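Read off the chains here:
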Amino acid sequence: MKLLEGRLINVSNRLPVEIKNRGGKPRLTASAGGLASALDSIWRHHHGLWIGWAGPVEAEAAIPLLQKAARGRPYGFRAVPLSSQEISKFYAGFANEIIWPLFHDMPSRCNFDPEYWEVYQRVNRKFAQATADSVNGKDFIWAHDYHLMLMGHYLRETGCTTRAGFFLHIPFPAPDMFEKLPWRKNILRGLLGYHLLGFQTDRDRFNFLSCVERILPAASSEREQSHNIVAYENHRTTVATFPISIAFDEFAGHAASHDVEAAANQLRRELSNNFMVLGVDRMDYTKGIPERLKAFRILLHRYPELRHRVTFVLVVVPSREDIKEYKALRREVELLVSQINGEFTDAGWVPIHYIHRNLSRKQLLSYYRAADIGLITSLKDGMNLVAKEFCAAQIDEQGVVIISEFAGAAAELRHGALVVNPNDLAGVAEAIHRACVMPVEEKRARMKLLRDVVRTYNVQGWAESFLEAALSPDGHFRRSSGAAAASIEGSDFPLVASSATEDQRIA
Ligand code: ADQ
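Residues numbered from 1 in each chain as written. Predicted model: local features only at pLDDT ≥ 70, side-chain atom pairs only at ≥ 80, totals over all residues. Heavy atoms only, no water.

Trainee: Teacher, can you tell me more about the sheet that holds strand 12 (residues 275-282) here?
Mentor: The strands making up a sheet associate through hydrogen bonds between their backbones, and the pairing can be parallel or antiparallel. Read across the sheet, 6 strands follow the order 14-13-12-15-16-17 without closing on themselves; strand pairing throughout is parallel. Two strands lie at the open edges of the sheet, namely strand 14 (352-356) and strand 17 (418-420), each paired on one side alone. Within this sheet the neighbouring strands show an average axis-to-axis angle of 20 degrees, counted without direction. Where strand 15 (residues 373-376) lies against strand 16 (residues 400-404), 4 bridges are found, and the strand directions are parallel. (Pairing = 2+ DSSP bridges. Helix = DSSP H or I, 4+ residues; strand = E, 2+ residues; numbered from the N terminus. Axes fitted to C-alpha atoms, helices over the stretch in contact; angles between N-to-C directions.)

Shown next, in the form of structure tokens:
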């Protein structure tokens, strides 16, 4: 892998460590979010700096703690201080009440508060200035996610000429949806200030290009075999697809350990060796959790012979609990769980085991390893790493993945998984039934295919292909392993239609 001449400057809304006030004293904690572990692999090859918000502490107090946190790491930290008003209007407001729902095709959940926009611009300028102050010409800036979409343009305004790339972890919407955003031009202009833009899937990349074509007529776009180059305001931006992945060997190695095997066996025994359907998500309205529960209820109605034989384990990690919509979702999920359990629970069998908390890596892997079905029903999802983690942990290669066609991961996993439309509740129920009765040879062949895909296109390949594209001098690069993952050809298994025909169903 070609090494950077300079440093890698990673910029994200949060640092991978957070300073919290505990008992009147600032203390270091690991910050929530999986970005740090996803990026860990690239730091093995590059030294650098990570810029982001460090938590609600004064800048002065943060410095010694961040120095302490950087000991033993190949990178240092620089905090961007944000006031509580900025956190509430930039992060909770603009990012999570406007961009998050809109980019997940849920415009009715958006709160287009103009004050959020003011603060979003201000905070992006702050990040741009802190970054420009920290880099030199040989470094490479890698910015992450929807919190920092304007920073590309603001970096150029500061006069910074260091190359800068941006990766969007969430989907990019189609023009009809994106056009609802009152600040649509500014967002596109902000993004086109970067030298490289990376999207999770080709669908997101093409949506972005269609928006540029419709909203910025002055921009021109050239199409290469695996990427596009957009020219706008005397600046060229390479636009490409880089499906994010996981550290496969690490997950698979840990899942194969005696500890995890023993814990998985114990889980199976405790669930009476029932068929285990597993859901693992953040508590988020994009993940289709109520839809999954309703599909499970249909399954138990249609196939009474599965009662006592199938158990749904729903693991949900608390998320964004200070936002009204998330509180309402939790109530809805908990009501559905209790209704379904109330309707079907019988002596010796509780159909749904609901876990609402963070699990340790070992616990999570034990569930992945013990489960017979990984059920992912996102209404829309950038990638969905849970699907890939589930495959990595399936050491016995007997689990079945059921995945929503609207999760980015479906593009890579579609040949081995059962692909469903999460809005088709009956179709999801049929897919669960199909997985329950699937011959073991078919399960093994499918899971082997899935594990090969995730092993080959792992997070290391993702990071390398992004940097390779970022460092190519004219913006043109070869088709990379990461980009190729979204269009793997050939399979023994056709797509599964999500709706079963009437005569296949048991009334
Ligand atoms: P998320 O929306 O958070 O990420 P996802 O990719 O599935 O979605 O990652 C969730 C992570 O949280 C996984 O690593 C999983 O193991 C972990 N997790 C979930 N529940 C847990 C629990 N109870 N205990 C412990 N860990 C738990 C965003 C985008 C995604 C995109 C990623 C990465 O929304 O579409 O895949 O970024 O780009």
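Trainee: Is there a simple way to think about a positive patch on the surface in this case?
Mentor: On the surface, a cluster of positive charge is made up of Lys-20, Arg-22, Lys-25, Arg-27, Lys-68 and Arg-71. Following the sequence through the fold, Arg-22 ends up in strand 2 (residues 17-22). For Arg-22, a relative accessible area of 43% corresponds to the partly exposed category. (Patch = residues over 30% accessible without salt bridge, like charges linked within 9 Å, V, L, I, M, F, W, Y side chains within 5 Å. Areas by Shrake-Rupley, 256 points an atom, 1.4 Å probe, with all protein chains shown as cover. Salt bridge = Lys/Arg side-chain N within 4 Å of Asp/Glu carboxyl O. Lys, Arg positive; Asp, Glu negative; His and termini not counted. Charge placed at Lys NZ, Arg CZ, Asp CG, Glu CD. Buried < 20%, exposed > 50% of the residue type's maximum accessible area, 1.4 Å probe, protein only.)

Trainee: Would you mind going over the sheet that holds strand 1 (residues 8-14) with me for this structure?
Mentor: Pairing is mixed across the open sheet formed by 9 strands, whose spatial order is 5-4-1-6-7-8-11-10-9. What marks the edges here is a single partner per strand, and that holds for strand 5 (75-79) and strand 9 (220-223). Taken over all neighbouring pairs, the strand axes of this sheet differ in orientation by 20 degrees on average, direction set aside. Relative to strand 5, strand 4 (residues 48-53) is paired through 5 bridges, and the arrangement is parallel. From the neighbouring strand, Gly-48 faces strand 5, where its bridge partner is Tyr-75.

Trainee: Could you clarify how one ought to interpret the site of the ligand in this entry?
Mentor: His-169, Leu-359, Asp-381, Met-383 and Glu-389 are the nearest of the 22 residues found near the ligand. The backbone of Arg-357 places a nitrogen or oxygen atom 3.0 Å from a nitrogen atom of the ligand. One nitrogen or oxygen atom from the main chain of Leu-359 is found 2.8 Å from a nitrogen atom belonging to the ligand. Isolated, the ligand exposes 720 Å² of accessible area, and the fraction of that covered by the protein chains is 84%. Elements with a contribution of two residues or more to the shell around the ligand: strand 12, strand 13 (310-317), helix 13 (361-370) and helix 14 (385-393). When residues of the shell around the ligand are sorted by domain, at least three fall in each of domain 1 (8-241) and domain 2 (248-456 + 494-505). (Near = heavy atom within 4 Å. Polar contact = N/O pair within 3.5 Å; in protein donor to acceptor, adjacent residues only side chain to side chain. Domains from an automatic or database assignment.)

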